Amino acid sequence: MTSIYKASGFSLVELVMVIILIGVLSALGIGLFANRSAFSPLLATQQLASATLLAQQAALAGNPANTLTIEQGGDNFRFIVGAGSGNPRTFEIPREGTSLSAPGGLPLTLTFDSKGAPSTGTNLQFTFSGDSTFQTCLSSLGAVYAGSCQS
C-alpha cells in the first residue's frame, strides 16, 4: 500500500522572502511620511474663516465682540474674536515652522461694520509660507476663501 502524502504550507524560502518584502515596504513607507509637516493650510483657512464669521455675526448683532485679532506666536497662529470685549474667543493652530504674512504685518486687528464687512474696505491677502506657500483672502465684503484676492 502506498499512500499519497501531499505537504501543504509555505517553504522557509517563501517565508523569508515575504519578511524581506515587508521590511523594504516599511522602510519606503516611513520615508514618505517622515518629512510631512503637521501644518494644514486648509485647517488654517477654516480656522480663519470661523473666527471671521464669529466676528461678523457679532457685528451684525451690534455686539462689541466685532473685532478679529490675528497673531503669530512662537508655536501657534492665534485668531482672537472680541479681544476687547468681556468674552473673547480664541482659535489656535500649531505653526509647525510656517509663517504668516498679512498687510501691515502682525498682529493685525480687524473691525467689522454693521454689514459684516471689514472696516478697511479692501481685500486682505494672507500668505502662509513654509514648505510651500498658501494664500488666503478676506474680501472687502467679508468672505474668506483659499487663493489670492481678486481685484
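Residues numbered from 1 in each chain as written. Predicted model: local features only at pLDDT ≥ 70, side-chain atom pairs only at ≥ 80, totals over all residues. Heavy atoms only, no water.

## Some details on the sheet that holds strand β7 (residues 133-138)
Pairing is antiparallel in the open sheet, where four strands are placed in the order β4-β6-β7-β8. Only two strands of the sheet have a single partner each, and these edge strands are β4 (99-101) and β8 (144-146). Sheet twist, expressed as the mean angle between neighbouring strand axes with direction ignored, is 20°. Relative to β8, β7 runs antiparallel, the two sharing three bridges. Paired with C137 across the bridge in β8 is Y145. (Pairing = 2+ DSSP bridges. Helix = DSSP H or I, 4+ residues; strand = E, 2+ residues; numbered from the N terminus. Axes fitted to C-alpha atoms, helices over the stretch in contact; angles between N-to-C directions.)

## Thoughts on the nonpolar core
Core analysis: the largest hydrophobic core is formed by 20 residues, its most contacted members being L68, I70, F79, L110, F112 and F126. Elements represented by at least two residues in this core include exactly α2 (41-60), β1 (67-72), β2 (76-81), β5 (108-111) and β6 (124-129). Here the element with the most residues in this core is α2; it accounts for five residues. If we ignore the near neighbours within four places in the chain, the residues touching L68 are L48, A51, T52, A55, F79, I80, V81, L108, T109, L110 and F112. (Core = buried A, V, L, I, M, F, W, Y, C linked by side-chain atoms within 4.5 Å. Buried < 20%, exposed > 50% of the residue type's maximum accessible area, 1.4 Å probe, protein only. Contact = heavy atoms within 4.5 Å.)

## Quick word on the packing of aromatic side chains
Under the criterion given, the structure shown has one aromatic pair. Ring geometry for F77 and F128: centres 5.4 Å apart, planes at 75°, overall edge-to-face. Taken together, the residues F77 in strand β2 and F128 in strand β6 connect sequence positions 51 residues apart. Like F128, F77 is buried. (Phe/Tyr/Trp six-rings, centres within 6.5 Å; stacked < 30°, edge-to-face > 60°.)

## Overview of the side chain of T52
By the secondary structure assignment, T52 is in helix α2. Relative accessible area serves as the criterion here: at 1%, T52 is assigned to the buried category. Side-chain polar atoms of T52 contact the backbone oxygen of L48, separated by 2.8 Å. Residues contacting T52, with those up to four places away along its chain left out, are L68, F112, L138, G142 and V144. (Polar contact = N/O pair within 3.5 Å; in protein donor to acceptor, adjacent residues only side chain to side chain.)

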